[in-house]
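Inside the fold
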Amino acid sequence: MERFKDRLFRGFAFASTLLVILVVIAMGILLLVQSRPAIEKFGFIQFIFRDVWNPVEDEFGGLYAVVGTLLSSAIAIAIATPVSIGIAIFITELSPSALRGIFSSVIELLAAIPSIIYGMWGLFVLAPILKHRVEPWMIEHLGFIPFFDGKPYGIGLFNAGIVLAVMIIPYISSIVREVFSLVPDIMKEAAYAVGATRWEVVRHVVIPYTRSGIMAGIILGLGRALGETMAVTFVIGNAYRIPSTIYEPSITIASSLANEFTEATTDLHLSSLFLLAFILFLITFVVMSIGRLIIMRMGRHVA
Amino acid sequence: MWRRKLLNHIMMGLSTLSALVSILFLVWILKDLTVRGISAINWEFFAELPAPPGEEGGGIRHAIYGTMVITLMASAIAIPIGLLAGTYLSEYARHGRFGLMVRFLSDILLSVPSIIVGTFVYALMVRPMGTFSALSGAVALAIIMIPIILKTTDEVLQLVPDVVREAAYALGAPRWVVITKVVYRGATAGIMTGIILGIARIIGETAPLLFTSFSNNFWETNIFRPMATMTVLIFNYAMSPYESWQSMAWGASFILTVFVLILNMLSKFLFRGRKYG
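Residues numbered from 1 in each chain as written. Chains lettered and ligands numbered in written order. Predicted model: local features only at pLDDT ≥ 70, side-chain atom pairs only at ≥ 80, totals over all residues.

**Examining the overall build of chain A**
So the rule is basically this: In this text, helices come from DSSP runs of H or I with a minimum length of four residues, and strands from runs of E with a minimum of two, each type numbered from the N-terminal end. Any two residues are considered in contact once their C-beta atoms, placed from the backbone, lie within 7 Å.
What chain A contains, in helices and strands, is 13 helices and two strands. When the backbone C-alpha atoms are referred to their principal axes, chain A occupies close to 80 × 70 × 30 Å. In chain A, the proportion of contacts linking residues at least 24 apart, taken out of those at least 6 apart, comes to 76%.

**Quick word on the overall build of chain B**
On a plain count of helices and strands, chain B comes out with 12 helices and zero strands. Ordered by position from N to C terminus, the α and β elements of chain B give α-α-α-α-α-α-α-α-α-α-α-α. Within chain B, contacts between residues separated by at least 24 positions form 75% of all contacts whose residues are at least 6 apart in sequence.

**Focus: the confidence of the model for chain B**
Worth spelling out the cut-off: The predictor rates its confidence in each residue with pLDDT, a number between 0 and 100.
The predicted model of chain B averages 93 in pLDDT, with 98% of residues at 70 or higher. What the predictor reports for the complex is a pTM of 0.95 with an ipTM of 0.94.

**As for the interface of chain B and chain A**
What counts, and what does not: Just so you know the grouping, Ala, Val, Leu, Ile, Met, Phe, Trp, Tyr, Cys and Pro go in nonpolar, Asp, Glu, Lys and Arg go in charged, and all remaining residues, Gly too, go in polar.
Contact with chain B, which involves 66 residues of that partner, is made by 64 residues of chain A. By residue number, the principal contributor to the side of chain B that touches chain A is helix α1 (residues 2-38) of chain B, which donates 18 residues. Broken down by class, the residue content of the side of chain B that touches chain A amounts to 44 nonpolar, 16 polar and six charged.

**Some words on the domain arrangement of chain B**
Residues and elements named next belong to chain B. Our working definition: Segmentation into domains, and thus their bounds, comes from an automatic or database assignment.
For chain B, the assigned domains read domain 1 (2-38) and domain 2 (44-272). For domain 1 and domain 2, the distance between their C-alpha centres works out to 32 Å. Contacts between the two partners involve five residues from domain 1, matched on the other side by five residues from domain 2. Grouping the constituent residues of the side of domain 1 that touches domain 2 by class yields two nonpolar, two polar and one charged.

**Points about helix α11 (residues 230-239) of chain B**
Spacing of three or four residues puts side chains on the same side of an α-helix, whose turn is 3.6 residues. Defined as follows: Partly exposed residues are those whose C-beta has more than 12 but fewer than 20 other C-beta atoms within 10 Å; with 20 or more the residue is buried, with 12 or fewer it is exposed, and the C-beta atoms are placed from the backbone.
Extensive coverage of α11 of chain B is indicated by the burial of eight of its 10 residues. When α11 of chain B is considered as a whole, its buried residues turn out to be M230, T231, V232, L233, I234, F235, Y237 and A238 of chain B.

**Re the packing of helix α8 (residues 185-193) of chain A against helix α9 (residues 198-209) of chain A**
The relative placement of two packed helices comes down to the angle between their axes together with the axis-to-axis distance. All names here are of chain A. Filter applied, for reference: Orientation is described by lines fitted to C-alpha atoms, with helices fitted over the stretch in contact, and by angles between N-to-C directions that extend from 0 to 180 degrees. Any angle from 65 to 115 degrees is called roughly perpendicular, while one under 35 is roughly parallel, one over 145 is roughly antiparallel, and all others are oblique. Throughout, a crossing is termed right-handed when the near helix is turned clockwise from the far one, and left-handed when it is turned anticlockwise from it by less than a right angle.
Close contact between α8 and α9 brings their axes to 10 Å; oriented N to C, the two are set at 155°. Comparing the axis directions of α8 and α9 gives the class roughly antiparallel. For the element pair α8 and α9, the recorded crossing hand is right-handed. Taken together, the residues of α9 that come into contact with α8 (itself represented by M187, K188, A191 and Y192) are E200, V201, H204, V205, V206 and Y209. Residues that form the contact of α8 with α9 fall into these classes: seven nonpolar, one polar and two charged.

**Considerations on unusual backbone geometry**
Residues and elements named next belong to chain A. A positive phi is found at D58, a non-glycine position, where the angle reads about 60°. Here D58 is to be found in the loop between β1 (53-54) and β2 (59-60). When the 13 C-beta atoms within 10 Å are taken as the criterion, D58 is described as partly exposed. The phi angle at F147 is positive, at roughly 75°, despite the residue not being glycine. In this structure, F147 sits in the loop between α6 (115-142) and α7 (157-180). Using a count of 15 C-beta atoms within 10 Å as the deciding quantity, one classes F147 as partly exposed.

**Considerations on the environment of V258 of chain B**
Inspection of the secondary structure puts V258 of chain B in helix α12 (residues 243-272). Along the backbone, V258 of chain B and L30 of chain B are 228 residues apart, and their C-alpha atoms lie at a distance of 9.3 Å.

**A word on the packing of helix α5 (residues 97-112) of chain A against α1 of chain B**
Contact pair α5 of chain A / α1 of chain B: the axes reach a minimum separation of 9 Å and the direction vectors enclose 50°. Judged on the interaxial angle alone, α1 of chain B and α5 of chain A are oblique. The crossing of α5 of chain A and α1 of chain B is left-handed. Touching F103, V106, I107, L109 and L110 of chain A of α5 of chain A are A19, S22, I23 and L26 of chain B, all from α1 of chain B. A breakdown of the residues in the contact of α5 of chain A with α1 of chain B according to their chemical character gives eight nonpolar, one polar and no charged.

**Thoughts on helix α4 (residues 63-94) of chain A**
Residues and elements named next belong to chain A. Stated formally: For a helix, the expected span equals 1.5 Å multiplied by the residue count minus one. Here the bend at a residue means the angle between the axes of two seven-residue stretches, the one that ends at it and the one that starts at it.
Here α4 contains 32 residues, and its C-alpha end-to-end distance of 45 Å stays within 8% of the 46 Å for a straight helix at 1.5 Å per residue. In α4, a bend of some 25° at A80 exceeds every other bend along the element, and P82, a proline, comes one to four places later. Taken across its 32 residues, α4 has 23 buried, putting it largely inside the fold.

**Looking at the environment of T266 of chain A**
All names here are of chain A. Within the secondary structure, T266 sits in the loop between α12 (253-260) and α13 (267-302). Owing to 12 C-beta atoms within 10 Å, T266 belongs among the exposed residues under this scheme. When the C-alpha positions of T266 and E93 are compared, they lie 58 Å apart, and in sequence the two are 173 residues distant.

**Quick notes on the environment of I64 of chain B**
Residue and element names in this part refer to chain B. Here I64 shows up in helix α3 (residues 61-92). For I64, a count of 20 C-beta atoms within 10 Å gives the class buried. For I64 and G118, which are 54 residues apart along the polypeptide, the C-alpha to C-alpha distance reads 21 Å. Each residue touching I64, except ones within four places of it in the same chain, is listed here: F46 and M230.

Structure, rendered in structure tokens:
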């Protein structure tokens, strides 16, 4: 009897792990099956590079959404990477050790705020400030840089990039902080002993030693930014076109799903949205796998 | 030398600045949320159903109820599955390829964009059943919650020392009794932390609910019908042109955020008090 119960318990536990595997596989397959009409009509690779999105004429292509997704995430990473490394330096090297835990906890709270809150805040609070203050200033002083000139919009790629950056900073900085703390003290002390400044120790000892960990943090942050939906939907502007400056409205895969999925009128429209979902699934799958593999390999070295 | 010192001061100054700016953003967001949110909250807000568009007054009772029901259903699905799967990984597949693969896939599931989970459940349940439903929303949230619980369970069970297991085996206890009566006891605080973090995560989710539980402006208790939730209501009301609705969205956002932050701090507190590790 006890043996039977033992087997039963193990069986249930095993079935639960199988369910997890099954969900991931079923997700990929079902999204692909649902997007078949769009793939048959437009072709998979051709769909990604098709620059049209016209529900009225039943013509669909993924280029606008793919470009908007990549650009908004790129802006977010460009902002979040230096800030996150700065936070990690501050917490591991500068802050009094009694306050370390408090600073990390406070920054981690940024990750706890629901994404829809970021969206509302970006739309009602950040957008007017960007439109009337920040973007005009940037256009005047940084306009010589390509894509930094043009008109202020408030709502668009730049706003989405900032909001995404704030959302992924806690993730990247906590990974960077963790790998920074793995650097053996003796290496840092050796550098201090020959007269290096704090920054030189960080620049020539800590960062080289933790390069792959920092990379993993950035990649995992990127994975989050690519698929973030609600925050971006509020502030990206939902415009199907290729933006010519960083301020212009755009569209991401996730926000086009959020906006149009329940309003799709034709089968082809819905199926094109499923195809976009499948593309996003593939992109995040690949990005996250690379990030996880780097972390797993690091774990082996550290252990 | 002064050049190196100057550079050092600049870089350390910038590092401090990045930490301060991040904290500033947190304070800024919470400030706006509180200022705009509190003014929308009164007794009516909790007790009434929405007023017609453009009219003052009304509340979001139906959405608060919907969020509670859908979160509870999602937890009822995800907690046993996540707990059992985490147990299997820690107790039966701690090393080896199978465990590695499941942990990897679970991590992938953890990072699949939540809107993709919504489209998946739409194809899996909403389309075949022909209607949006609270149940499908709960399934979508459960898919997001399972890997969170799996991961924490797996990690905290591994922290329980083997001597504890061996002591129980020595008394002749079968394996499932050792796990449920001894190992779980030693890891209760850790497991609870995972569950609380899971609830904190799903209660603020919007994207997976847009095409599953959808929305509803009326009182609805049938889980096979579309049901309002606070998050989807925030999305719809914030995007609406009516100021009274936008203000209700701020009120709902405030309540939701306070709740999520409390859950997060609670999990930190529990985690600190746990027995092992």
